[in-house]
Amino acid sequence: TKYMKQALDCAKLGYGSTYPNPAVGCVIVQSSEEEGDVILGRGFHPKSGMPHAEIFALLEAAGHVEDGIQAASSVLVKTTNQDDDDEAGKELSKKVHSLLQTYIQPEGAKQLFSDIFKNDDTKTTTAYVTLEPCCHTNKQTPPCASTFLLASIDRVVVGYRDPNPYVDGGGVSVMRSNDVTVDVLNANVPIAQECSNLVRYFAKRITSPVVLNGGSSDGVENINGKKKRFLRSLAGRMKRDGSLVEIEWTGSGNNNLSSTTDADEAGDIDWEKVTSEIILNIPPSPQWVTHVDANLWDHELVLLRLGNIISKKKGVKVLGETLVNTYLKGSTIVQVVGHTVLLYRPKFPKPVITFEE
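Keep in mind that what you see is a predicted model, and the values were worked out from it rather than measured.

Asker: I'd love a proper account of unusual backbone geometry, names of residues and values included.
Answerer: With an omega dihedral of 5 degrees, the bond running from Tyr 19 to Pro 20 counts as a cis peptide bond. Note on placement: Pro 20 falls in the loop between helix H1 (2-12) and strand E1 (25-32). Along the chain, Phe 348 connects to Pro 349 via a cis peptide bond; the corresponding omega equals 10 degrees. Considering the arrangement of structural elements, one finds Pro 349 in the segment after strand E9 (340-344). Positioned with a positive phi, Asp 115 is a non-glycine residue whose angle comes to about 55 degrees. With respect to the secondary-structure elements, Asp 115 resides in the loop between helix H5 (108-113) and strand E3 (123-129). Taking relative accessible area as the criterion, Asp 115 reaches 37% and is therefore assigned partly exposed. One non-glycine residue, Glu 300, adopts positive backbone phi at about 75 degrees. Structurally, the position occupied by Glu 300 is in the loop between helix H14 (286-299) and strand E7 (301-305). Taking relative accessible area as the criterion, Glu 300 reaches 1% and is therefore assigned buried.

Asker: Break down empty space enclosed by the protein for me, citing the residues and quoting the values.
Answerer: Taken as a whole and judged by the stated rule, the model has 1 cavity of 30 Å³ or more. In this model, the largest cavity occupies a volume close to 120 Å³. Forming the walls of the largest cavity are 14 residues, and the residues nearest its centre are Tyr 15, Asn 21, Leu 198, Arg 205 and Thr 290. For the lining of the largest cavity, the element with the most residues is helix H9 (residues 200-207), which contributes 4 residues. Counted by class, the lining of the largest cavity contains 8 nonpolar, 4 polar and 2 charged residues.

Asker: Just give me the short version of the side chain of Thr 340, but keep the residues and values in it.
Answerer: Here Thr 340 is to be found in strand E9. A polar contact of 2.6 Å, which involves the side chain of Thr 340, links it to the backbone oxygen of Val 337. Not counting chain neighbours up to four residues away, the residues in contact with Thr 340 comprise Leu 303, Leu 304, Arg 305, Val 316 and Gln 335.

Asker: Would you mind going over the pairing of strand E8 (residues 332-337) in detail, with residue names and values included?
Answerer: As defined by bridge partners, E8 adjoins E9 across 5 bridges and the pair is classed as antiparallel. From the neighbouring strand, Val 337 faces E9, where its bridge partner is Thr 340. As consecutive antiparallel partners, E8 and E9 are separated by 2 residues, and within that stretch Gly 338 has a phi angle of approximately 60 degrees, a positive value.

Quick notes on the rules
- Residues numbered from 1 in each chain as written.
- Predicted model: local features only at pLDDT ≥ 70, side-chain atom pairs only at ≥ 80, totals over all residues.
- Heavy atoms only, no water.
- Helix = DSSP H or I, 4+ residues; strand = E, 2+ residues; numbered from the N terminus.
- Buried < 20%, exposed > 50% of the residue type's maximum accessible area, 1.4 Å probe, protein only.
- 1 Å grid on protein atoms, 1.4 Å probe; cavity = no way out; pocket = protein on both sides within 12 Å on 5 of 7 lines; lining within 4 Å.
- Points joined across faces, edges and corners; volume = space filled by probe spheres on them.
- Nonpolar A, V, L, I, M, F, W, Y, C, P; charged D, E, K, R; others polar.
- Polar contact = N/O pair within 3.5 Å; in protein donor to acceptor, adjacent residues only side chain to side chain.
- Contact = heavy atoms within 4.5 Å.
- Pairing = 2+ DSSP bridges.

Dropping the structure here:
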């Protein structure tokens, strides 16, 4: 549990930045009777589109970067947003992006990591990963399970089995079938529960019928007018007693995108185009989307305040629809009033709000 705890600490460094991916951490340890335990590399998944935690730990272990944590941290923000005098940070970020370009090539993983842990029988290399290494190929980066095999890892300890249907034990099977010892922590062990808790919202997103199929919790029936009226009434009562969750999009909006009053009054504004420009130019941060997503799962009803982003009320509904279709899938717009959008998404596996007949 010592090194899995360290892997969890690594994973938490990326929490909130990885949406829609889960936060994951990895620590690679080499053990021998002569030298004891030596940490060769640590890493975390910094954001969607970037290498996973295992790869940053491998980059350090292979000597491609000095510190896997610093390397992952360097891509948490764009290089252009870093301080002008942070030349070291800029260079590290560029190096990480260059290594990523190598990694995603057909022979890239082999070029970077081939047999880096091929030792004599006196040493054992173990990777401690908070979430099962991926095995699927329908994504931007190669599968981590296969990369571990290329690196000749001896053992992998998994904190939590990946609920993603594309993985779901597949990573474990791939490694075991290639003579890698894989230990999956017992779900009742406290450290395993911490690993599970860290990705609980990801698990809901990836397995909930309401997200996978749309509509209500059974994935078939949509939220009809009667149910929306009930939810609006419920939200009103919750707002009065202070229990309704309200979240403001605090990003700096570009009101010029929707400030042409004459065109608005003439009905000439293409609001879908306007909201597409907003999402393109000032997209919601992963931290903000993570916050909204978590509150929808926990509370089912969430009121979004979008006045900071779009000044014209006519565009609020379209912007709300764009957020739902792009980031908050499975949610339903219950009501649009002024610059606010009321969203509903049932809890999974068991909704809390029950509709009156």
